[in-house]
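Descriptive structure summary
Chain by chain, the residues:
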Amino acid sequence: MKGRTWKLGDAISTDHIIPGRYFYLRSNLPELAKHILEYERPDFVEKVSSGDFIVAGHNFGLGSSREHAALVIKLNGIQAVLAKGFARIFYRNCFNNGLPAIICDTDRIEEGDELELFLGDGKIMNHTKGETLTFLPLPAVMKRILDDGGLVEHVKKYKDLKLTE
Amino acid sequence: MGMTLAEKILSAHAGKEVRVGEIAVIKVDLAYTQDGTGPLAARKIQEMGFKEVCNPKRTLFFFDHASPSPRMELSNDHAFLREFAQKTGIQVSEVGQGISHQVAAEKYVRPGEVVVGADSHTCTGGAIGAFATGVGSTDAAVAIALGKVWFRVPETIRVLVEGKLPVGIYGKDIVLHLIGKIGAEGATYKALELGGDTIDNLQMAGRMTIANMAVEAGAKVGLFPSDEVTRNWLSRMGRAGDFKKMAPDGDAVYEKTVRIKAKDLKPVIACPHQVDNTKTIDEIGEVKVDQVFLGTSCNGRLEDLHAAAQILKGKTVHSKTRMIVTPGSRLVYTEALKDGTIETFINSGALVTPPGCGACVGLHEGVLGDGEVCLATQPRNFQGRMGSPKSFIYLGSPAVAAATAIEGKIADPRKYL
């Protein structure tokens with residue numbers, strides 16, 4: 001599925017993605033999701049379309065462990081997050097919720113570019129630029145979690161963690 | 001081939017020897033959440049269909065972020081967590097008991113254990129020699145329900161701090177210097193392992209400050225060996241029997257070694273809006289401050305309050321600055337009450353709040369307005385963290401906080417010592 005790019009910079013923290021001042025909305029996810037990237041990109045909520053991509057630089061998702069950061073990205077219909085690097089807790093939170101977080105060189109992707117992700121092939125087509133980007137295959141454990149539809153679904157299926165077998 | 005602390009602890013909990021890069025399912029000794037991540041974790045446990053949890057006596061729900069609750073919605077979250085805990089036997093650490101990482105360290109975390117917490121600063125437990133790390137609500141839910149979690153065994157960066165710490169330099173300055181040096185993603189996915197004679201001589205409060213901020217360099221854990229300092233501290237907590245000696249092997253393999261000379265350190269300040277945007281106090285220039293905040297899981301311990309009170313004693317907080325002091329736990333609070341530290345703060349014009357995360361979370365007890373500047377002892381200074389996205393957060397040691405409160409601008413504590 002093709003989607004448009006929302007391009008962000010380096011060091012976008014979970015506080016940027018969903019600020020702590022909306023802490024009180026964490027048990028009301030649809031309301032919380034309206035405040036995504038509120039200060040960084042005030043037009044995001046209004047203009048985002050299902051299937052869009054968030055593309056960023058280094059250390060995306062640093063800071064607080066709040067899984068709500070990954071959840072509000074998912075709830076806004078984002079197909080995948082592409083970045084040069086991710087903070088580790090956020091990276092796990094994405095996969096646990098069935099949201100692919102792809103590590104790749106994002107310098108050549110610009111705001112508004114139309115992308116298509118081929119997860120299994122480790123490939124991203126940039127239709128706007130007519131270019132193909134490649135990335136290293138997902139670690140087997142992350143692929144397994146994604147294939148099962150997230151960690152909750154995995155545990156529901158096995159009543160156990162069966163990620164290393 | 002020898003093992004790092006991370007390899008040793010993870011191997012002991014994987015039921016087999018595991019080495020760098022391996023993915024393993026790891027037994028969890030202690031799992032916890034706080035009131036911002038707990039409700040989601042509890043719902044995930046329900047969603048997975050578990051009616052019981054693996055080890056309720058070693059599972060904790062902390063109420064520390066919104067403590068006491070400033071909003072109806074959060075009161076409802078608290079009520080939900082209390083009810084869930086009652087049904088499952090999970091332990092509750094109520095409002096006013098203190099910050100999860102501080103209370104966990106005082107009462108629960110043991111050397112050599114694996115601890116997961118749904119809060120990024122869970123790595124504080126590394127000071128006690130535990131593989132303690134932050135996770136999201138789903139990983140915490142799985143750890144609570146099944147008593148296990150999966151980890152990739154991390155590479156380890158050895159951090160050697162050597163020499164005598166100068167007067168006015170603390171654990172906070174060591175860790176801010178380290179993060180400034182290696183960067184906010186300098187240790188992403190990796191373990192930090194601290195060593196050297198400065199660390200050997202550092203008391204538990206300083207070790208916890210360093211371990212707490214390991215995540216600000218991206219690290220999974222900030223591990224310390226457990227030694228006589230650890231043993232004495234556990235004894236002070238009435239837990240002498242929990243001590244176990246943990247040390248890396250002499251021939252352990254490290255990804256790299258970072259060396260820091262203690263004698264060269266100066267007070268370090270992290271400037272807005274990144275923790276690795278560090279300057280020494282000499283480079284900071286004149287920065288007027290509206291609010292000084294002393295506390296948090298990074299610097300809310302008795303030793304931190306003492307370092308600030310020593311400077312503030314007999315002096316007053318600047319007329320254009322307010323100072324907020326939030327003890328890390330009820331134990332810290334009562335000890336500081338008994339020895340006169342709290343009175344020193346109050347007499348100097350500071351405001352003392354109940355124990356908890358306080359102003360660091362941007363929810364209550366010191367929310368910043370547009371254009372306001374805060375000097376805080378907390379671990380992080382991201383834009384908008386303490387309230388307005390148009391406010392500015394600088395990070396420094398408790399001693400810097402006290403000197404800053406007196407002068408109304410970021411100040412060098414060494415002249416007061």
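Residues numbered from 1 in each chain as written. Chains lettered and ligands numbered in written order. Predicted model: local features only at pLDDT ≥ 70, side-chain atom pairs only at ≥ 80, totals over all residues.

**Section: the overall build of chain A**
Filter applied, for reference: Put simply, DSSP marks the helices as runs of H or I at least four residues long and the strands as runs of E at least two long, and each gets a number from the N terminus on. Here the radius of gyration uses the C-alpha set of atoms, whereas the globule reference equals 2.2 Å times the residue count to the power 0.38. Our exposure labels follow a C-beta count within 10 Å of each residue's own C-beta, placed from the backbone: buried means 20 or more other C-beta atoms, exposed means 12 or fewer, and partly exposed covers the counts in between.
From N to C terminus, chain A includes seven helices and seven strands. Its helices and strands taken in sequence order, chain A reads β-α-α-α-β-α-β-α-β-β-β-β-α-α from the N to the C terminus. For chain A, the C-alpha radius of gyration of 15 Å lies close to 15 Å, the compact-globule estimate for 165 residues. The C-alpha extent of chain A, read off along each of the three principal axes, is 45 × 40 × 25 Å. Taken across its 165 residues, chain A has 48% of its residues classed as buried.

**Description of the overall build of chain B**
What counts, and what does not: The contact criterion used here is simple: two residues whose C-beta atoms, placed from the backbone, lie within 7 Å are in contact.
Counting its regular elements, chain B contains 14 helices and 18 strands. Against the 2.2 N^0.38 benchmark of 22 Å for 417 residues, chain B shows a C-alpha radius of gyration of 20 Å, consistent with a compact globule. Projected onto its principal axes, the C-alpha coordinates of chain B cover approximately 60 × 55 × 40 Å. Here chain B holds 417 residues, and 62% of them are scored as buried. Residue pairs at least 24 apart in sequence account for 77% of intrachain contacts in chain B once pairs closer than 6 positions are excluded.

**As for the environment of H306(B)**
Checked against the element boundaries, H306(B) lands in helix α11 (residues 302-312). The spacing of H306(B) and A24(B) is 282 residues in sequence and 43 Å in space, taken between C-alpha atoms.

**Quick word on the sheet that holds strand β4 (residues 91-93) of chain B**
Residues and elements named next belong to chain B. Quick reminder of the rule: A strand pair is defined by DSSP finding two or more bridges across the two strands. To get an axis, a line is fitted to the C-alpha atoms, and for a helix only the part in contact is used. The angle between two axes follows their N-to-C directions and goes from 0 to 180 degrees.
Spatially, five strands are ordered β4-β3-β2-β5-β6 in an open sheet, and the strand pairing comes out parallel. Edge positions in the open sheet fall to β4 and β6 (131-134), since each of these has one partner strand only. When the angles between neighbouring strand axes are averaged without regard to direction, this sheet yields 20°. When strand β3 (residues 59-62) meets β4, the two strands line up parallel, connected through three bridges. When the bridges of β4 are listed, L60 appears paired with Q91.

**Thoughts on the environment of P355(B)**
Residue and element names in this part refer to chain B. Checked against the element boundaries, P355 lands in the loop between β16 (351-352) and β17 (373-376). Classification of P355 by C-beta neighbours within 10 Å gives buried; the count is 26. On a C-alpha basis, the gap between P355 and R330 in space is 6.1 Å, while along the polypeptide they are 25 residues apart.

**What to know about the pairing of strand β6 (residues 123-126) of chain A**
Every other side chain in a regular strand lies on the same face of the sheet, so the side chains alternate between the two faces. Residue and element names in this part refer to chain A. Where strand β5 (residues 114-118) lies against β6, four bridges are found, and the strand directions are antiparallel. Bridge pairing in β6 places E116 opposite M125. Where β5 hands over to β6, the hairpin turn is made up of four residues, of which G122 adopts a positive phi near 65°. In this structure, β6 lies alongside strand β7 (residues 131-134), joined through four bridges in antiparallel fashion. Across the sheet, residue M125 finds its bridge partner in β7, namely T132. Counted along the chain from β6 to the antiparallel partner β7, the turn is four residues long, and its residue G130 has a positive phi close to 65°.

**As for helix α1 (residues 5-14) of chain B**
Residues and elements named next belong to chain B. Taken across its ten residues, α1 has eight buried, putting it largely inside the fold. Among the residues making up α1, those that are buried are L5, A6, E7, K8, I9, L10, H13 and A14. G15 occupies a position one or two residues after α1 and carries a positive phi of about 75°.

**A short note on the sheet that holds strand β11 (residues 256-261) of chain B**
Residue and element names in this part refer to chain B. Within the open sheet, the four strands sit side by side as β10-β9-β8-β11. Their pairing is parallel. Each end of this open sheet is capped by a strand with a single partner; those strands are β10 (221-223) and β11. On average, each strand axis in the sheet is inclined to that of its neighbour by 20°, with strand direction left out of account. Sheet topology places strand β8 (residues 156-162) next to β11; six bridges connect them, and they run parallel.

**A look at the domain arrangement of chain B**
All names here are of chain B. Put simply, the rule reads: Those domain boundaries reflect an automatic or database domain assignment. In the scheme used here, Gly and all other residues not listed as nonpolar or charged are polar, with Ala, Val, Leu, Ile, Met, Phe, Trp, Tyr, Cys and Pro taken as nonpolar and Asp, Glu, Lys and Arg as charged.
Along its sequence, chain B is organised into domain 1 (5-261) and domain 2 (268-416). Summarising the inter-unit geometry, the C-alpha centres of domain 1 and domain 2 are found 24 Å apart. With 33 residues of domain 1 at the contact, the number on the domain 2 side is 34 residues. At the level of secondary structure, the elements contributing two or more residues to the side of domain 1 that touches domain 2 comprise α4 (100-107), α6 (171-182) and α8 (204-212). Here the side of domain 1 that touches domain 2 takes six residues from α6, the largest share from any one element. Considering only residue class, the side of domain 1 that touches domain 2 consists of twelve nonpolar, 16 polar and five charged.

**Overview of the interface of chain B and chain A**
Opposite the 47 residues of chain B that make contact, chain A presents 37 residues. For the side of chain B that touches chain A, the secondary structure elements donating two or more residues are β1 (23-27), α2 (38-47), α3 (72-88), α5 (137-146) and β7 (148-152) of chain B. In terms of residue count, α5(B) provides more of the side of chain B that touches chain A than any other element does, five residues in total.

**Describing the nonpolar core**
Our working definition: Core membership is restricted to buried Ala, Val, Leu, Ile, Met, Phe, Trp, Tyr and Cys residues, and these are joined into a nonpolar core through C-beta atoms within 7 Å.
By size, the foremost hydrophobic cluster in this structure holds 190 residues, and its most contacted members are V81(A), L10(B), L192(B) and A308(B). Domain assignment of the residues forming this core places at least three in each of domain 1 (5-261) and domain 2 (268-416) of chain B. Leave out the neighbours within four places in its chain, and V81(A) touches I54(A), F60(A), I73(A), C94(A), L99(A) and A101(A).

**Re the confidence of the model for chain B**
This is how it is decided: One confidence number per residue, pLDDT, is output by the predictor and ranges from 0 to 100.
The share of residues in chain B with pLDDT of 70 or more is 100%, and the mean pLDDT across the chain is 98. Scored as a whole, the predicted complex attains pTM 0.98, and scored at its interfaces, ipTM 0.97.

**A short note on the pairing of β8(B)**
Condition: Whether a crossover is right-handed comes down to one check: with the strands pointing away from the viewer, does the path from the first strand over the helix to the second run clockwise; if it does, it is right-handed.
Of all seven residues that make up β8(B), five are buried, and the element is covered over most of its length. Remark: the β8(B)/α6(B)/strand β9 (residues 191-195) of chain B crossover connection has right-handed handedness.

**Comments concerning the packing of α6(B) against α8(B)**
All names here are of chain B. Keep this limit in mind: We call two directions roughly parallel when the angle between them is under 35 degrees, roughly antiparallel when it is over 145, roughly perpendicular when it lies between 65 and 115, and oblique otherwise. By definition, turning the near helix anticlockwise from the far helix through less than a right angle yields a left-handed crossing, and turning it clockwise yields a right-handed one.
Contact geometry for α6 and α8: axes closest at 8 Å, N-to-C directions at 25°. For the element pair α6 / α8, the angle class is roughly parallel. Helix-helix and strand crossings are classified by hand; for α6 and α8 the assignment is right-handed. In contact with G171, K172, I174 and V175 of α6, α8 contributes G206, R207, T209 and I210. By residue class, the composition of the contact of α6 with α8 is three nonpolar, three polar and two charged.

**Comments concerning helix α5 (residues 88-96) of chain A**
Residues and elements named next belong to chain A. Taking burial as the measure, the nine residues of α5 include nine buried ones, the bulk of the element. Of all the positions in α5, only R88, I89, F90, Y91, R92, N93, C94, F95 and N96 are classed as buried. Positive phi appears at G98, one or two residues downstream of α5, with a value of about 75°.

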